[in-house]
Structure formats: structure tokens, C-alpha cells
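Descriptive analysis of the structure
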Amino acid sequence: MSGARPSQRPPDLNAPFIGSVFCRPDGSLTQQAQAFLHRLWERTGYAPGVAGAWVQQEADNATLRADTANVLANQAGRDATQAMNTATQALSAAWALRREAVAALAEAQAARTAAEAALLEVTALRTTLRELERHCADAEVVGALERRVVPRAERSG
């Protein structure tokens, strides 16, 4: 809030310029000159509460508002620092989870590769056994070999 409060507003200190007639012929001030000098005197610090007290009160109000703003700014700074620390911790946790996920993905890929290799080996063994079965007259021997080499679930497929 700037300027004087309505209850403390100084009186109208403006006065028209005296003009060319400052004194009467007897040497006394004209009424206009008296009013001009009186207003000039009021403007330069005469009126108590207008110049000194009013300015001091406004300065005190401004200081109080500045102090309040400073306290609020300090609190906002602390809140921002705390939020930044929390965000940093969350980011660190996210990167740790990402590293774990990448490691788990690599393990899953390795397991998949091993399973595919085992499947290829079983398929090759099955093909070999089928060839043996065609060339051998004894299908019972080939069946026994198949039971030893190929797991039960694979034989049913």
C-alpha cells in the first residue's frame, strides 16, 4: 500500500503561484503570498504526522512487509531444497531399479538362449533317433534310447 492512508492524508499543499504582486504598497504580504508561504512551510516539514510520522509509519509498514516476504522466501527456499533432495533420491532409486531390470533382462535372455539351444539339441537327437529307427529293425532298442535321451514331455509332442 503506497501513499498516505485516508485518515492520514495531508491537507492540499498546492497553492497557486503568487504572481507579480507579492507585497502590498505598505510592504505587508498579500493574502495570496501569505497562503503560498504557509503552504510552502507546511510542505517542508511543519505538519506533525504528515512529513515525519507518516513517512516513518510507511517505512515501518514497508519494512514489516519486506521482513514477511523474506521469511516466506526463506521457507520457499527450504521447501525447494527439500523437494530437490527428494527428487534426487527418487532418481537414484529409479536408476538402481533400471540397473536391476537390465540385469534381469540379460539373465532372461541368457536363459532363453540356453533353452533354445537345448531345444535344438533335443530336436537334433530326435531326428537322429528317427533315422536310427528307420535303419534299424529293432524299434524297441530305439524306443529305449529315446526314453533315455528325450524327456517324457518331449516324446509326447
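Residues numbered from 1 in each chain as written. Predicted model: local features only at pLDDT ≥ 70, side-chain atom pairs only at ≥ 80, totals over all residues. Heavy atoms only, no water.

Right, let's talk about the overall build of the protein for a bit. Secondary structure assignment for the protein yields 4 helices and 0 strands. When the helices and strands of the protein are listed from N to C terminus, the series reads α-α-α-α. The burial tally for the protein puts 11% of its 157 residues in the buried class. Sequence-distant contacts, at least 24 apart, represent 47% of the contacts inside the protein between residues at least 6 apart. (Helix = DSSP H or I, 4+ residues; strand = E, 2+ residues; numbered from the N terminus. Buried < 20%, exposed > 50% of the residue type's maximum accessible area, 1.4 Å probe, protein only. Contact = heavy atoms within 4.5 Å.)

Bringing the confidence of the model for the protein into the picture now. Regions with low pLDDT carry predicted coordinates that are not meant to be interpreted in detail. Per-residue confidence for the protein gives a mean pLDDT of 80; residues scoring 70 or more make up 71%. At the level of individual helices and strands, the protein shows its lowest average pLDDT in helix 4 (residues 152–156), which scores 55, and its highest in helix 2 (residues 52–135), which scores 91. (pLDDT = per-residue confidence, 0-100.)

Bringing the pattern of salt bridges into the picture now. For the structure on display, the rule yields 1 salt bridge. In this structure, the salt-bridge partner of R112 is E116, at a minimum N-O distance of 3.1 Å. With R112 and E116 both in helix 2 and 4 residues apart, the pair spans about one turn of that helix. (Salt bridge = Lys/Arg side-chain N within 4 Å of Asp/Glu carboxyl O.)

The next thing to look at is a nonpolar patch on the surface. Together, F22, L37 and L40 give the surface a local cluster of nonpolar side chains, amounting to about 220 Å² of exposed area. The residue F22 is located in the segment before helix 1 (31–46) in this model. (Patch = residues over 30% accessible without salt bridge, like charges linked within 9 Å, V, L, I, M, F, W, Y side chains within 5 Å. Areas by Shrake-Rupley, 256 points an atom, 1.4 Å probe, with all protein chains shown as cover.)

By secondary structure assignment, the location of C23 is in the segment before helix 1. A relative accessible area of 37% means that C23 is categorised as partly exposed. A sequence separation of 10 residues divides C23 from A33, and the C-alpha atoms of the two residues are 7.6 Å apart. Setting aside its immediate chain neighbours within four residues, C23 contacts S28, L29 and T30.

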